[in-house]
Amino acid sequence: MSESQGELLGMAGIGEGFEGWEPPEIDTTVAHSARMYDYWLGGKTHFPPDRALGEAFERAIPSIRTMAQENRRFLGRAVRHLVREAGIRQFLDIGTGIPTGGNTHEIAQAEAPGSRVVYVDNDPIVLAHARALMVSGDQGKTSYIHADLREPEKILDHPSLVGTLDLTQPVGLMLVAILMLLGDEDDPKSKVATLLDALPSGSHVVVTHPSADFNPEAMGAVVTAAKQGHMTLVPRSRDEVAAFFGDWELIEPGVAPVMAWHPEGAPPADPEAAYYWAGIARKP
């Protein structure tokens, strides 16, 4: 195990019980979206390139930290909605990110203790934090898969998914702030369609996605900064985001600004202050 890998395990609190385990090699010289998101949310698992690119985004959109927080709040509202209103008791969360407060399993199991969650991410640092994601309640179950949305079949066939979720029963598929990391050459619509086709009737899919619809100039500056930082970032229009839901039935209010989707408490004064579209749809 390299020195950087050992340092990573120490940061993640992993050691005992992982002897002989070799995490994937981590490139801390290039910014990664999960670590930038952690930086904006006030976490501790990020490196100079992550902070540098995160600050470049912030110069283009000074409210970027608030936007990240609003996206996180939406995740909480979405999970609670699926548990309370749709009766969902199992979740597939792709693009998990570094664990922080209000993870999917924490929210779901607070509402329904028997809820089961499978997390998926392709960042080795998230893998190192997987233990925190697998601290489930006594009645529920969680697991983690180190995999990429670009290869959905590998996610669906993974033993951890098959051993945790029952794909004959409805699933809540979480695609929160992940699809913008796939370029058009990756054909993200077909990747999502593969996942949707594998889920049974009554399943729901949750999507948030940044867009230039709200502020084209600012989003253009962020895309430029991302390219300079060797990161793919593709903002998409409302119609393009809506296309990810296929023929599933959109829950009211449909594809809406993330802050305006079933807000808790008073409606936001400026619902378009966070440049994300959000929506949830149900498979008929």
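Per chain, residues are indexed from 1 in the order of the written sequence. It should be noted that, the model being predicted, local features are given only for residues of pLDDT at least 70 and side-chain atom pairs only at 80 or more, the latter also being counted only at that level, while totals for whole chains, interfaces and linings use all residues. With hydrogens and water stripped out, all remaining heavy atoms of the structure feed into the side-chain values.

**Structural notes on the overall build of the chain**
Across its full length, the chain carries twelve helices and eight strands. For this measure, only C-alpha atoms enter the radius of gyration; the expected value for a globule follows 2.2 Å times N^0.38, where N is the number of residues. The C-alpha radius of gyration computed for the chain amounts to 18 Å, which stays within 12% of the reference 19 Å derived for 284 residues, consistent with globular compactness. If one aligns the C-alpha atoms of the chain with their principal axes, the spans along those axes are about 50 × 45 × 40 Å. For every residue, the accessible area (1.4 Å probe, protein chains only) is compared with the maximum for its type, and the residue is labelled buried under 20%, exposed over 50%, or partly exposed between those bounds. Within the chain, the proportion of its 284 residues that are buried is 53%. Strands here are runs of E lasting at least two residues and helices are runs of H or I lasting at least four, both read from the DSSP assignment and numbered beginning at the N terminus.

**Considering the packing of helix 2 (residues 33–40) against helix 4 (residues 64–86)**
Packed helix pairs are characterised by how far apart their axes lie and by the angle those axes make with each other. Viewed as axis vectors pointing N to C, helix 2 and helix 4 meet at an angle of 100 degrees, and their least axial separation amounts to 9 Å. With respect to helix 4, the axis of helix 2 lies roughly perpendicular. Where helix 2 approaches helix 4, its residues Tyr37, Tyr39 and Trp40 are matched on the opposing element by Ile64, Arg65, Ala68, Gln69, Asn71 and Arg72. Tallied by class, residues from the contact of helix 2 with helix 4 come to five nonpolar, two polar and two charged. The axes are straight lines fitted to the C-alpha atoms, using for helices just the contacting stretch, and the angles between their N-to-C directions are given from 0 to 180°. Note that the term roughly parallel is reserved for angles under 35 degrees, roughly antiparallel for angles over 145, roughly perpendicular for angles of 65 to 115, and oblique for everything else. Only heavy atoms matter for contacts: two residues are in contact if any of them lie within 4.5 Å across the pair. Amino acids outside the nonpolar list (Ala, Val, Leu, Ile, Met, Phe, Trp, Tyr, Cys, Pro) and the charged list (Asp, Glu, Lys, Arg) are all regarded as polar, and Gly is one of them.

**Regarding the pattern of salt bridges**
We define a salt bridge as a contact between a side-chain nitrogen of Lys or Arg and a carboxyl oxygen of Asp or Glu at a distance within 4 Å. For the coordinates displayed, the defined rule picks out ten salt bridges. Note that Asp123 and Arg35 form a salt bridge whose closest N and O atoms lie 3.7 Å from each other. In this pair, Asp123 sits in the loop between strand 2 (116–121) and helix 6 (124–128) while Arg35 sits in helix 2, placing the two residues 88 residues apart along the sequence. Since its relative accessible area comes to 0%, Asp123 is described here as buried. Salt bridges sharing partners connect three or more residues here, namely Arg35, Asp50 and Asp123.

**Description of the environment of Glu264**
Relative to the helices and strands, Glu264 is located in the loop between strand 7 (256–257) and strand 8 (276–282). C-alpha separation for the pair Glu264 and Lys141, spaced 123 residues apart in sequence, amounts to 28 Å. Setting aside residues up to four positions removed in sequence, Glu264 forms contacts with Arg77 and Arg80. Counted as a polar contact is a pair of N or O atoms within 3.5 Å, where, for protein atoms, one must be capable of donating a hydrogen and the other of accepting one, and residues adjacent in sequence contribute only when both atoms are in side chains. Within polar-contact distance, the side chain of Glu264 engages the side chain of Arg80 at 3.0 Å.

**Points about the packing of aromatic side chains**
Pairs were defined over the aromatic rings of Phe, Tyr and Trp, the Trp ring being its six-membered one, requiring ring centres within 6.5 Å. Orientation was assigned from the angle between planes: stacked under 30 degrees, edge-to-face over 60, tilted for the rest. Evaluation of the coordinates by the stated rule reveals four aromatic pairs. Between the aromatic rings of Trp40 and Phe57, the centroid separation amounts to 5.8 Å while the plane-to-plane angle is 35 degrees, which identifies the pairing as tilted. You can see Trp40 sitting in helix 2 and its partner Phe57 sitting in helix 3 (residues 48–60), a full 17 residues away along the chain. Across the pair, Phe57 and Trp40 agree in class, each one buried. Summarising the aromatic geometry, the rings of Phe214 and Trp277 are spaced 4.7 Å apart at their centres and angled 40 degrees between planes, so their arrangement reads as tilted. Note that Phe214 is positioned in the loop between strand 5 (204–210) and helix 11 (216–228) and Trp277 in strand 8, a separation of 63 residues in sequence.

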